[in-house]
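# Survey of secondary and tertiary structure
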Amino acid sequence: MFTNNPFESVTKALLSGAGKLSSDDAQGAAKEMMDSLRAWGDLVQTQAQAAQAASLEAVEDFKGVKDPMAAVEAFKTNTQRMLALTAMHLQETMALSIEQFNAGVDLLQQRHPAPDAFAPVAHGMKKAASAMESGVLAALNTGVEASGAKPAAKKSRAR
């Protein structure tokens, strides 16, 4: 039934462990899932509030502007502010994604029939995710710097 591919051991581990699921395991999995959803909900709410505040600030900046050059300058400033805010939001999203991916890899390793044998694969998966995160963050930072925007102050996520 199984072919020799990188996911064979994962599939076997998932199928063999399916019948051993206790109510405590199910509760633990449900709690992890709910914590994950809560983290995403909190992140979305925080980011939406920050975007709303930035939009209100932009509207205030344009109130009473009559000079075309002042309007262009206000537009430029607000565009840079929104770009920096968007970059910060993408960084936060990436950080949460990587955190949850790594937790999934750890869980996969714990449930694997041979956790020690799976360790190098888990390490490689985490290393690849970290490299992807670094690449995305570098691209975001390059874009923000090229625009002349000042990076937005990063707020820590309370979990």
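See the structure shown above.
Residues numbered from 1 in each chain as written. Predicted model: local features only at pLDDT ≥ 70, side-chain atom pairs only at ≥ 80, totals over all residues. Heavy atoms only, no water.

### Some details on the overall build of the protein chain
Our working rule: Numbering of helices and strands runs from the N terminus; a helix is a DSSP stretch of H or I covering at least four residues, while a strand is a stretch of E covering at least two. Every residue pair with non-hydrogen atoms within 4.5 Å of one another is taken to be in contact. The accessible surface values rely on the Shrake-Rupley method and a 1.4 Å probe; as for residues, cover is taken only from the protein chains in view.
A tally of regular secondary structure across the protein chain gives 4 helices and 0 strands. The secondary structure elements of the protein chain, listed N-terminal to C-terminal, are α-α-α-α. Taking all contacts inside the protein chain whose residues are at least 6 apart in sequence as the whole, residues at least 24 apart take part in 71%. Accessible area for the protein chain stands at about 10,900 Å²; split by element, carbon and sulfur atoms hold 63% of it.

### Looking at the environment of Leu 107
We apply this condition: Residue exposure (1.4 Å probe, protein chains only): buried if accessible area is under 20% of the type maximum, exposed if over 50%, otherwise partly exposed.
Among the structural elements, Leu 107 can be located in helix α3 (residues 68-111). In this structure Leu 107 comes out as partly exposed when scored by relative accessible area, which is 26%. For the pair Leu 107 and Ala 122, spaced 15 residues apart in the sequence, the C-alpha separation amounts to 10.0 Å.

### Describing the nonpolar core
Here is the rule: Think of a nonpolar core as a cluster: buried Ala, Val, Leu, Ile, Met, Phe, Trp, Tyr and Cys residues, connected wherever their side-chain atoms sit within 4.5 Å.
Within the largest apolar cluster, 5 residues are counted, these being Ala 84, Ala 87, Leu 140, Val 144 and Ala 149. Those residues in contact with Ala 87 that sit more than four places away from it in its chain are Leu 140 and Val 144.

### Re the packing of helix α2 (residues 23-62) against α3
Axes are the key here: two packed helices are described by the angle between their axes and the distance separating the axes. Operational definition: All axes here are fitted lines through C-alpha atoms, helices being fitted over the stretch that makes contact, and every angle between N-to-C directions spans 0 to 180 degrees. Should an angle fall under 35 degrees it is taken as roughly parallel, and over 145 as roughly antiparallel, whereas 65 to 115 is taken as roughly perpendicular and any remaining angle as oblique. Residue polarity follows a fixed list, in which Ala, Val, Leu, Ile, Met, Phe, Trp, Tyr, Cys and Pro are nonpolar, Asp, Glu, Lys and Arg are charged, and the others, Gly among them, are polar.
The contact between α2 and α3 brings their axes to 10 Å, and the two run at 175°. The orientation of α2 relative to α3 falls into the category roughly antiparallel. Looking at the contact of α2 with α3, its residues break down into 15 nonpolar, 7 polar and 5 charged.

### Comments concerning the pattern of salt bridges
Two side chains of opposite charge can pair, provided their charged atoms sit close to one another. Operational definition: A side-chain nitrogen of Lys or Arg and a carboxyl oxygen of Asp or Glu constitute a salt bridge if their distance falls within 4 Å.
Scanning the model with the defined rule gives 6 salt bridges in all. Residue Glu 60 pairs with Lys 63 through a salt bridge whose shortest N-O separation is 3.0 Å. Bridged by salt links that share partners, the residues Lys 31, Asp 35 and Arg 38 form one connected network.

### Describing the side chain of Gln 80
For clarity, the cut-off: Pairing of N or O atoms within 3.5 Å defines a polar contact, subject to two protein rules: one partner must be a possible hydrogen donor and the other a possible acceptor, and residues neighboring in sequence count only if both atoms are side-chain atoms.
Relative to the helices and strands, Gln 80 is located in helix α3. Side-chain polar atoms of Gln 80 contact the backbone oxygen of Ser 147, separated by 2.9 Å.

### Points about α2
For clarity, the cut-off: Here a helix's expected span is defined as the number of its residues, less one, multiplied by 1.5 Å.
Taking 1.5 Å as the rise per residue, α2 with 40 residues should run 58 Å; its terminal C-alpha atoms sit 58 Å apart, in good agreement. Residues of α2 that are buried: Ala 39, Leu 43, Gln 47, Ala 50, Ala 54 and Ala 58. Its buried side turned inward, α2 meets α3. Downstream of α2 by a residue or two, Gly 64 has a phi angle that is positive, lying close to 80°.

### Examining the environment of Ala 50
Mapped onto the fold, Ala 50 is located in helix α2. Judged by relative accessible area, Ala 50 falls into the buried class, the value being 15%. Considered as a pair, Ala 50 and His 89 are 39 residues apart in the sequence and their alpha carbons are 9.3 Å apart. Apart from residues lying up to four places away in sequence, Ala 50 is in contact with Leu 85 and His 89.

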